[in-house]
Amino acid sequence: MKNRLLVVTIIIVSVLFGMHSLQRYSQDDAKATFSNATLTVGSSGSDVYELQGRLKYLGYYNGAIDGSFGTKTKNAVTWFQWKFGMKSDGVVGAKTKLKLWEATKNWQPSAADTGNATGGSDNSNNSGSNSGSSGGSTPSKSNNLGLSESDLKIMANAVYGESRGEPYEGQVAVAAVILNRLKSPSFPNTISGVIFQPLAFTAVADGQIWLTPNETARKAVQDAINGWDPTGGCTYYFNPETATSKWIWSRPQVKTIGKHIFCM
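Okay, so let's go over this structure. Position numbers for residues count from 1 along each chain, tracking the sequence in the order it is written. Reporting of local features is limited, given that this is a predicted model, to residues whose pLDDT is at least 70; pairs of side-chain atoms are given and counted only at 80 or more, and all residues count toward the totals for whole chains, interfaces and linings. Based on all heavy atoms of the structure, the side-chain values leave hydrogens and waters out of the count.

**Quick notes on empty space enclosed by the protein**
Then, number 1: Cavities and pockets are defined on a 1 Å grid built over the protein atoms alone: a cavity is a set of grid points where a 1.4 Å probe fits but cannot escape, while a pocket is an open set with protein on both sides within 12 Å along at least five of seven lines, and lining residues are those with an atom within 4 Å of any such point. Grid points are joined across faces, edges and corners, and a volume is the space filled by probe spheres set on the points. Counted according to the given criterion, the structure contains one cavity of 30 Å³ or more.
Then, number 2: Approximately 110 Å³ is the volume attributed to the largest cavity.
Then, number 3: Tyr60, Tyr61, Asn62, Trp79 and Ser192 are the residues nearest the centre of the largest cavity, which is lined by 13 residues in total.
Then, number 4: Under the scheme used here, helices are H or I runs from DSSP no shorter than 4 residues and strands are E runs no shorter than 2 residues, and both carry numbers assigned from the N terminus. Among the elements that make up the lining of the largest cavity, the one with the highest residue count is helix α3 (residues 71–83) (four residues).
Then, number 5: Its residues assigned to classes, the lining of the largest cavity shows six nonpolar, five polar and two charged. For this classification, the nonpolar set comprises Ala, Val, Leu, Ile, Met, Phe, Trp, Tyr, Cys and Pro, the charged set comprises Asp, Glu, Lys and Arg, and every other residue, Gly included, is treated as polar.

As structure tokens, then:
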């Protein structure tokens, strides 16, 4: 009996030691990849190049890899943190670096990923200052606007967060408004820029943007991309029961779908 207990104890100790060694190995590799600096908006340099390259590899970041931590990079970090069950604050500390390294072990940096190629800037406080459709993750084969998979994902998140209780036509209409803003010179020129523009969407302000969208929201996005615009070109909408802005009532109203009034 004592021998059996001894054997079991040795096995447990060995397993625990192996797990600790593996964790230590991962942490050491992550530390070798990144410095000890905490990365946030305003940071720059090789750590940010590494961060942007790995986020782009996973499809969370579709801006230029320029080594400058701007709003687009923060949005990508926040999205990554949320998807991996972490605190979504956009600050890249040791835990986020480790999780990112573990998720991108097969990533191989190119010249652009290491800062040896030129590109646009992510240094603006306006997340729409960069073109997101160029150099992003692999474009979906099912859209003709050149949008990336990450664009489609965040659009579905927005549609679900903003209009999941609305009729299907109303969900397509919300996706169409996002696309209409993308095409308008009055708004940011990337999907993430449009969605995360300050005060633009309630779902971003209250965190519902990070809810997991259902298939209906994804289909609504695809229908809008394929050309269905129930709004007739509107760039605004609001719920008259909850709207607090007097300005939004001054916009030319075009159509009411469900609880939303769509306007120019």
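**Describing the pattern of salt bridges**
Note on pairing: side chains with opposite charge can pair once their charged atoms come close.
Then, number 1: By salt bridge we mean one thing: a side-chain nitrogen of Lys or Arg within 4 Å of a carboxyl oxygen of Asp or Glu. Following the criterion strictly, the structure yields four salt bridges and no others.
Then, number 2: Between Lys255 and Glu169 there is a salt bridge; the shortest N-O distance is 3.1 Å. With Lys255 in strand β2 (residues 253–257) and Glu169 in helix α6 (residues 168–183), this pair connects stretches of sequence that are 86 residues apart.
Then, number 3: For each residue, the accessible area found with a 1.4 Å probe, counting protein chains only, is set against the maximum for its type, and the residue is called buried under 20%, exposed over 50%, and partly exposed in between. Overall, Lys255 belongs to the partly exposed group, its relative accessible area being 33%.
Then, number 4: A relative accessible area of 30% means that Glu169 is categorised as partly exposed.
Then, number 5: A salt bridge links Asp223 to Lys219; the shortest N-O distance between them is 3.3 Å. Remark: Lys219 and Asp223 occur in helix α9 (residues 215–225); sequence separation between them is four residues, near one turn of the helix.
Then, number 6: Looking at Lys219, the relative accessible area reads 46%, which means it is partly exposed.

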